[in-house]
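Each chain, letter by letter, is given below.
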Amino acid sequence: MAQDAYPSKPIALIVPNPPGGFVDASARLLSEPLSRVANQSVVVDNRGGGSGNVAYQAVARAKPDGYTLLISYSAYHAGNPALTPNLPWDPVKDFAPVALLTVATNVIAVHPSVPATNLKEFIAFLKQNPAKLNYASQGNGSLSHIGTEVFKQQTGTFMTHIPYRGSGPAVQDVLSGQVQVFITTPPSVMGHVQAGKLKAFAVTGDKRSPQMPQIPTTAEAGLPGFKLEAWVGLFAPAGTPPAVIAKLTADVKRAMELPEVKTRADAAGIEIRYQGPDALAQLVKSDLAYWSKTIKAAGIKAD
């Protein structure tokens, strides 16, 4: 396929999550500016379910022509291979990296009914009340699942895992108090924390979130060893022509550098961090090794 012929029809961004949350927000952050830069329609196609596997398998089997692309979530891409045996897709062999798009820290959010005012009190409550609280995740293999299991291991606490099909339904049950805890990216809960409907005890990065500057980091809150960062990247099916990958990479870079995109990202609590295919491939490699080790050490099993 000649480079100047691409794209000649609409591009689909396959999202492994339902609408709402960090991954979907990242896809929508890209879709409109990319359509302008590429002069072609870019459509977001949410295919939640199967802990991301529905979307990943669909893209892995898609025609490698640059018109069906994967908006990939780090925990699915690097966590699922260690969590789920005999996956119908391979994280390296089935996907060609295009660009790293965004990253986000996580926030430890809880329902106001939990009788704690900070992270230390929360951990103490969990130790005094084992198995009393439930925690939500976006699904088995999500960063909220793996990350909360690591949190439990590091703090010597226990909560029951309640998996959902994405952040949207998980947040609704946390807001209602049916589930009390959700460790997730800021876009899912930031507005509810600011409105006083949820409490946030810490963010899990090295620095505070600009959107929630009053919330301490885990290190500041007394748990320095617990850190979680999620990323979202763009991938094409393996075998996509190099000229198409190069055109996509260049267009994505131009789109993500538009000033209005950064403004929208800041408002959503998302950090734009564009990197090219080689850097994304290296990130996948290192995360695969890290999550395999972490999942094994924490004894995490697919529910």
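Residues numbered from 1 in each chain as written. Predicted model: local features only at pLDDT ≥ 70, side-chain atom pairs only at ≥ 80, totals over all residues. Heavy atoms only, no water.

Novice: I'm lost on the overall build of the protein in this one. Help?
Specialist: Across its full length, the protein holds ten helices and eleven strands. For 303 residues, the compact-globule formula gives about 19 Å, and the C-alpha radius of gyration of the protein, at 19 Å, lands near that figure. Structurally, the protein occupies a C-alpha span of about 65 × 40 × 30 Å along its principal axes. The burial tally for the protein puts 55% of its 303 residues in the buried class. Long-range pairs, those at least 24 residues apart, make up 77% of the contacts in the protein with a sequence separation of at least 6. For the protein, the exposed area adds up to about 12,200 Å²; of that, 53% sits on carbon and sulfur atoms. Within the protein, one finds 27 positive and 21 negative side-chain charges whose respective centroids are separated by 4 Å. (Helix = DSSP H or I, 4+ residues; strand = E, 2+ residues; numbered from the N terminus. Rg over C-alpha atoms; globule rule 2.2 N^0.38 Å. Buried < 20%, exposed > 50% of the residue type's maximum accessible area, 1.4 Å probe, protein only. Contact = heavy atoms within 4.5 Å. Areas by Shrake-Rupley, 256 points an atom, 1.4 Å probe, with all protein chains shown as cover. Lys, Arg positive; Asp, Glu negative; His and termini not counted. Charge placed at Lys NZ, Arg CZ, Asp CG, Glu CD.)

Novice: Can you help me understand the sheet that holds strand 5 (residues 107–110) in this one?
Specialist: The pairing of strands in a sheet happens through backbone hydrogen bonds and is either parallel or antiparallel. The strand order across the open sheet formed by five strands is 7-6-8-5-9, and the pairing between neighbours is mixed. Pairing within the sheet leaves two strands with one partner each, and these edge strands are strand 7 (160–163) and strand 9 (199–203). Going from strand to strand, the sheet's axes swing by 25 degrees on average, the running direction of each strand aside. Direction of pairing for strand 6 (residues 134–137) relative to strand 7: parallel, over a ladder of four bridges. Across the sheet, Asn-134 pairs through a bridge with Thr-160, a residue of strand 7. (Pairing = 2+ DSSP bridges. Axes fitted to C-alpha atoms, helices over the stretch in contact; angles between N-to-C directions.)

Novice: Would you mind going over the environment of Glu-271 with me for this structure?
Specialist: Note that Glu-271 resides in strand 11 (residues 271–275). For the pair formed by Glu-271 and Ala-202, sequence separation is 69 residues and the distance between their alpha carbons is 18 Å. At 3.3 Å, the side chain of Glu-271 and the side chain of Arg-273 are in polar contact. (Polar contact = N/O pair within 3.5 Å; in protein donor to acceptor, adjacent residues only side chain to side chain.)

Novice: Where do I start with unusual backbone geometry in this structure?
Specialist: Most peptide bonds adopt trans geometry, and most residues besides glycine take a negative phi value. For the bond from Tyr-6 to Pro-7, the omega torsion is 0 degrees, close enough to zero to count as cis. On the secondary structure map, Pro-7 appears in the segment before strand 1 (11–15). The phi torsion at Asn-39 lies on the positive side, around 55 degrees, for a residue other than glycine. Along the polypeptide, Asn-39 turns up in the loop between helix 1 (22–38) and strand 2 (42–46). On the basis of relative accessible area, Asn-39 is assigned to the exposed category, the value being 68%. One non-glycine residue, Asn-86, lies in positive phi territory at about 60 degrees. Within the secondary structure, Asn-86 sits in the loop between helix 3 (74–83) and strand 4 (95–105). A relative accessible area of 77% places Asn-86 in the exposed class.

Novice: I'm lost on the packing of helix 3 against helix 10 (residues 277–298) in this one. Help?
Specialist: Geometry of a packed helix pair, given as the angle between the helix axes and the separation of the axes. Packing of helix 3 against helix 10 brings their axes to within 8 Å, and their N-to-C directions diverge by 50 degrees. Comparing their axes, helix 10 and helix 3 come out oblique. Where helix 3 crosses over helix 10, the two elements pack in a sense that is right-handed. Taken together, the residues of helix 10 that come into contact with helix 3 (itself represented by Ser-74, His-77, Ala-78, Gly-79, Pro-81, Ala-82 and Leu-83) are Val-284, Asp-287, Leu-288, Trp-291, Ser-292 and Ile-295. (Parallel < 35°, antiparallel > 145°, perpendicular 65-115°, else oblique. Left-handed = near helix turned anticlockwise from the far one by under 90°.)

Novice: Would you take a moment to explain the pairing of strand 2 for this structure?
Specialist: Regular strands place their side chains on alternate faces of the sheet. Pairing geometry for strand 1 and strand 2, over five bridges, is parallel. Residue pairing in the sheet places Ile-11 in a bridge with Val-42 of strand 2. Between the parallel elements strand 1 and strand 2, the chain passes through helix 1 in a crossover that is right-handed. (Right-handed = clockwise from strand over helix to strand, strands pointing away.)

Novice: I keep staring at the sheet that holds strand 10 (residues 229–237) and nothing clicks. Help me out?
Specialist: Overall, mixed pairing links the six strands, which are arranged 2-1-3-10-4-11 in an open sheet. Strand pairing shows two members of the sheet lacking a second neighbour, strand 2 and strand 11, which therefore form its edges. With direction set aside, neighbouring strand axes in the sheet form an average angle of 25 degrees. Of the pairings in the sheet, the one linking strand 1 to strand 3 (residues 68–73) comprises three bridges and is parallel in character. By the bridge assignment for strand 3, Leu-13 is matched with Leu-69.

Novice: I'm lost on the side chain of Thr-249 in this one. Help?
Specialist: With respect to the secondary-structure elements, Thr-249 resides in helix 8 (residues 242–256). With near-sequence residues (within four places) excluded, Thr-249 lies in contact with Val-98, Tyr-274, Gly-276 and Pro-277.

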